[in-house]
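Each chain is listed here by its residues.
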Amino acid sequence: MTTLLQFVFLFYFLLGAVSSAEKDDDVLVFTVATNETDGYKRYIRSAVVNGFRDKIHVLGLGETWKGGDVHRTVGGGFKVNLFKEQLRPYKDDKDKIILFTDGYDVIFLSSLEAIVEKFRTFGARVLFSAEEYCWPDKSAESRYPSVGRGKRYLNSGGFIGYASDIYAILTSSKLSDGDDDQRFYTELYLDRDFREKHQMKLDHRSEIFQNLFGGVADVELRFKGNDAYLQNVAYNTVPLILHGNGRSKLVLNALGNYLANAWSPEEGCLNCWDEMIELDKAKVENYPVIMISIFLANPTPFLEEFLEKIYKQAYPKSKLHLFIYNNVPYHSELINEFVESYAHEYKSVKQILPQDDISEVRARDFAFEHCLLKKCSGLLSIDSEAHLDNQNALKLLVEQQRGIVAPLLVRPYKAWSNFWGALTDDGFYARSSDYMEIVQNERRGLWNVPFVSNCYLINASLINNKETRPSYSVGDLDVSMSFAYSNREKDIFMYVSNRVEFGHLVSPDNFDTKLTNPDLYQIFDNKLDWQKRYIHENYTENFNPNKTPIQPCPDVFWFPIVTTRFTKELIEIMEAFGQWSDGTNSDPRLSGGYENVPTRDIHTNQVNLEPQWLYFLKEYVRPLQELAFTGYFHDPPRSLMNFMVRYRPDEQPSLRPHHDSSTYTINIALNRAGIDYEGGGCRFIRYNCSVTDTKPGWMLMHPGRLTHYHEGLLVTKGTRYIMISFVDP
Ligand SMILES: *[C@@H]1O[C@H](CO)[C@@H](O)[C@H](O)[C@H]1NC(C)=O
Ligand SMILES: *[C@@H]1O[C@H](CO)[C@@H](O)[C@H](O)[C@H]1NC(C)=O
Ligand SMILES: *[C@@H]1O[C@H](CO)[C@@H](O)[C@H](O)[C@H]1NC(C)=O
Ligand SMILES: *[C@@H]1O[C@H](CO)[C@@H](O)[C@H](O)[C@H]1NC(C)=O
């Protein structure tokens, strides 16, 4: 497979080889990394884009780390000892320049020549990076030489110097693998004679090395044309090597989304192409086996559509296992239907049912086990509110080849998404400076972020190793927080991609399953999904300027407005409520208690649908009114009477001629003339004009109180339902 990204790589390699061959033969770069972590890959990439990958010697790769847990305590003597070994051949070389950096939390921001050139201006034999805090012995503070401006204390995550001097430093005393490397170098530096002998200096003002911990406020991400760079505004320098020491890893990750050619304003994300693969449409065998794990932990609106979108993913089903966790009895029937219809197409389906009484945390662990059992290559974890509208979503995520990668999903019209750009000190949500731009797709790319949830692909290799497997139960954190926390603790990067539109989130916040057809009530919380399910597919055609609205009778307009699904669900809601009025003039629901032209009906406020209905009038009916009756504006429309009428021969089969107390009236047909009932329709007496071939989901709109005296025609068989509003009485 020759892909664009391989060309890009080749290009950078060649560039590196050419530019470095002439000059820096005398420079070697060392780092220590026992595992090819995400941070390590980022480090290597930054060397590649800066043209000196070939100069880098990685020590310890594949070896067991013996340096202690440098996360929480001291450690790192292991690094010194590995380095010492490798440097022996150059122990007497007074000219060769050696650059040492940490490997997991460092990004190169410039070419090696620029680094060396800058080093030469210091007049030092060995130059260490400097940081804000005196670590690990705070008590050593006073022994440091004072500095006018700049950071005072040595940091051992980056230094550069001549081979012979560095070798002398490394061999000046013994230390064991578990000892602290920074203490080791610090003691030598604080020994004045030793320091002067080897001309040891610190890079106080980040002319080469920028340590982020204690220095975050000193730096700003800036762009020069298409190139991102880091400006140290405290010392007016442009650092060449960036180190996310101590508790600054997340800041490093955020900056790493841009620096070292990771992203440019013009071309968008450049780091997306690294490692990307192309899944050949024709070759099913090229697709890695994925287990899609569906988690249905809470009642969720628009679940049918959710399942349908999973089913429609353009990924060969012979390469997909399904794992479905359902903890909501309300949804059991739907899940059963889905499984019965489609399970046989997948490689396998495993279900956990509400009656299994398994907690979500256990189910998630169980999904991991099951994925490994099925020899999956990746696990797509997806919560029931995550809608993958893009049929290629799964395929694109797999092609991205990251350990953990989430598609960006946002609640429509909101800033609520499935990632966080930054964290507060105590680990909760904070808005990053680029959050809104990412959420609104003004910046597209692949973003390394501290928190993803709802939907993500995890590479099985992370699950398969106890040291890297995400955890869903950390202390009293919830499932999503635990997941993200555990990954952060292990320095496993979580990416969110908005390279393309992947889908959206529905909001389950106000989903009341005690209602009949609760989705129909979701117009406020989930307008986009609501509209897709319930607004007629040709609704927008009503506004096509090349079309004249249909008028079956003078000033009676006829528009497609809702789907037949809507009409069916609305009838079900009313019939489930069942308290049809008795058709007499006495109506306690009205303020006067008297109805002049009574029908058998149920009002929307009796089924708690009134606010939704009024919003429907405002959003979907009012624009049609403005189209039909030019010059009349009333926003929002007012309507006190919104009701479904039921006509049937044995109850009330027709309605005598009358005026409506409205400026205009809408009348939506809810079932089928000639099939569900016979007869029926509406006759406008002044024009001797009847509309009898009404269509479900189509709305009649006519003036109310003067010209359009009308009657409900006789229903001779079956039941006819219509939905009426008297707008602007
Ligand atoms: C690092 O590599 C070692 C040796 O290959 C392996 O045993 C260990 O699990 C790896 N650790 C991580 C965090 O991947
Ligand atoms: C998981 O990673 C391995 C190698 O690291 C890769 O070959 C495989 O395609 C990845 N699987 C997925 C689903 O991305
Ligand atoms: C929408 O309009 C198209 C074109 O006139 C028609 O084929 C289609 O059936 C209409 N959709 C519905 C739901 O009536
Ligand atoms: C009304 O129209 C019907 C047929 O459309 C016709 O039979 C009838 O005579 C008309 N009535 C009047 C009063 O014009």
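Since this is a predicted model, take the numbers as computed values, not measurements.

K.L.:
Describe the site of ligand 1, with residues and values.
P.N.:
Near ligand 1 the following residues occur: Asn 35, Gly 62, Asn 465, Glu 467 and Thr 468. Residue Asn 465 places a side-chain N or O atom 3.0 Å away from an oxygen atom belonging to ligand 1. Notes on ligand 1: free accessible area 360 Å², of which the protein chains cover 56%.

K.L.:
Explain the sheet that holds strand 36 (residues 682-684) to me, and be specific about the residues and the numbers.
P.N.:
Overall, antiparallel pairing links the four strands, which are arranged 33-39-36-37 in an open sheet. Only two strands of the sheet have a single neighbouring strand rather than two, namely strand 33 (655-658) and strand 37 (689-691). When the angles between neighbouring strand axes are averaged without regard to direction, this sheet yields 15°. For strand 36 and strand 37, the ladder comprises three bridges, and the chain directions are antiparallel. Looking at the pairing, Arg 683 lines up with Ser 690 of strand 37.

K.L.:
Provide a residue-level description of the state of the cysteines, including the pertinent values.
P.N.:
Within the structure shown, the criterion is met by three disulfides. Covalent S-S linkage joins Cys 371 and Cys 376, the inter-sulfur distance amounting to 1.7 Å. Measuring the twist about the S-S bond at about 90°, one finds the Cys 371-Cys 376 disulfide to be right-handed. Here the two residues Cys 371 and Cys 376 agree in accessibility, since each one is buried. Covalent S-S linkage joins Cys 553 and Cys 689, the inter-sulfur distance amounting to 2.0 Å. Across the disulfide from Cys 553 to Cys 689, rotation about the S-S bond amounts to roughly -80°, and the bridge is consequently left-handed. Remark: Cys 689 occurs in strand 37 and Cys 553 occurs in strand 29 (residues 550-553); sequence separation between them is 136 residues. Here the two residues Cys 553 and Cys 689 agree in accessibility, since each one is buried. When the cysteines of the protein chain that form disulfides are numbered from the N-terminus onward, they connect as 1-2, 3-4, 5-6.

K.L.:
Tell me about the packing of helix 3 (residues 77-87) against helix 5 (residues 163-170), and please be specific about residues and values.
P.N.:
Close contact between helix 3 and helix 5 brings their axes to 10 Å; oriented N to C, the two are set at 135°. Considering their axes alone, helix 3 and helix 5 lie oblique with respect to each other. Handedness of the crossing formed by helix 3 with helix 5: left-handed. Contact residues: Val 80, Phe 83, Lys 84 and Leu 87 in helix 3; Ala 163, Ile 166, Tyr 167 and Leu 170 in helix 5. Residues belonging to the contact of helix 3 with helix 5 are distributed by class as follows: seven nonpolar, no polar and one charged.

K.L.:
Can you lay out helix 5 for me, pointing to particular residues and giving the numbers?
P.N.:
Burial analysis of helix 5 places seven of its eight residues in the buried class, the great majority of the element. Those residues of helix 5 not exposed but buried are Ala 163, Ser 164, Asp 165, Ile 166, Tyr 167, Ile 169 and Leu 170.

K.L.:
Can you break down the UniProt feature "domain: Fe2OG dioxygenase" (unreviewed entry) in the protein chain residue by residue, with the values?
P.N.:
As annotated by UniProt and renumbered to match this structure, "domain: Fe2OG dioxygenase" (unreviewed entry) occupies residues 636-729. As annotated, residues 636-729 has a helix share of 0% and a strand share of 52%, and its two end C-alpha atoms lie 13 Å apart.

K.L.:
Report on the sheet that holds strand 20 (residues 409-410), specifying residues and quantitative values.
P.N.:
As summarised here, the arrangement of the three strands in space is 18-28-20, forming an open sheet in which the pairing is mixed. Looking at which strands have only one partner, the edges of the open sheet turn out to be strand 18 (386-387) and strand 20.

K.L.:
Help me get a handle on the pattern of salt bridges, residues and values and all.
P.N.:
Think of it this way: side chains of opposite charge can pair up when their charged atoms draw near. All told, the structure shown has 45 salt bridges when counted by the stated rule. Between Glu 275 and Lys 41 there is a salt bridge, with its nearest N and O atoms 4.0 Å apart. With Glu 275 in the loop between strand 13 (268-269) and strand 14 (290-296) and Lys 41 in helix 2 (residues 38-49), this pair connects stretches of sequence that are 234 residues apart. The class of Lys 41 is partly exposed, set by a relative accessible area of 34%. With a shortest N-O distance of 3.2 Å, Asp 509 and Arg 411 are connected by a salt bridge. One end of the pair, Asp 509, is in the loop between strand 28 (503-505) and helix 16 (527-534); the other, Arg 411, is in the loop between strand 20 and strand 21 (419-420), with 98 residues separating them in the sequence.

Calculation notes
- Residue positions are given per chain, counted from 1 along the sequence in the order it is written.
- A letter from A marks each chain and a number from 1 marks each ligand, given out in the order of writing.
- Local features are withheld for residues below a pLDDT of 70 in this predicted model, meaning they are given only at 70 or higher, and side-chain atom pairs are given and counted only at 80 or more; totals for whole chains, interfaces and linings count all residues.
- By convention in this description, side-chain values take in all heavy atoms of the structure and omit both hydrogens and water.
- Any residue with a heavy atom positioned within 4 Å of a molecule or strand is treated as near that molecule or strand.
- We call two N or O atoms a polar contact when they sit within 3.5 Å, provided that within protein one can donate a hydrogen and the other can accept it, with sequence-adjacent residues counted only if both atoms are side-chain atoms.
- Using a 1.4 Å probe, the Shrake-Rupley method yields the accessible areas, and only the shown protein chains count as cover for residues.
- At least two bridges found by DSSP between two strands is the condition for calling them paired.
- What counts as a helix is a DSSP run of H or I of at least four residues, what counts as a strand is a run of E of at least two, and both are numbered from the N terminus.
- Between N-to-C directions, angles span 0 to 180 degrees; the directions come from axes that are lines fitted to C-alpha atoms, helices contributing only their stretch in contact.
- The disulfide criterion used throughout: a pair of cysteine sulfur atoms within 2.5 Å.
- Burial classification: accessible surface area is computed with a 1.4 Å probe over protein chains only, and a residue below 20% of its type maximum counts as buried, one above 50% as exposed, and the rest as partly exposed.
- Roughly parallel covers angles under 35 degrees, roughly antiparallel covers those over 145, roughly perpendicular covers 65 to 115, and oblique covers all other angles.
- Here a crossing is called left-handed whenever its near helix is offset anticlockwise from the far helix by less than a right angle, and right-handed whenever the offset is clockwise.
- Any two residues whose heavy atoms approach within 4.5 Å at even a single point are treated as in contact.
- Throughout, the ten residues Ala, Val, Leu, Ile, Met, Phe, Trp, Tyr, Cys and Pro are labelled nonpolar, Asp, Glu, Lys and Arg are labelled charged, and all others, Gly among them, are labelled polar.
- UniProt positions are given in the numbering used here, feature names are shortened, and annotations may be inferred rather than shown by experiment.
- By salt bridge we mean one thing: a side-chain nitrogen of Lys or Arg within 4 Å of a carboxyl oxygen of Asp or Glu.

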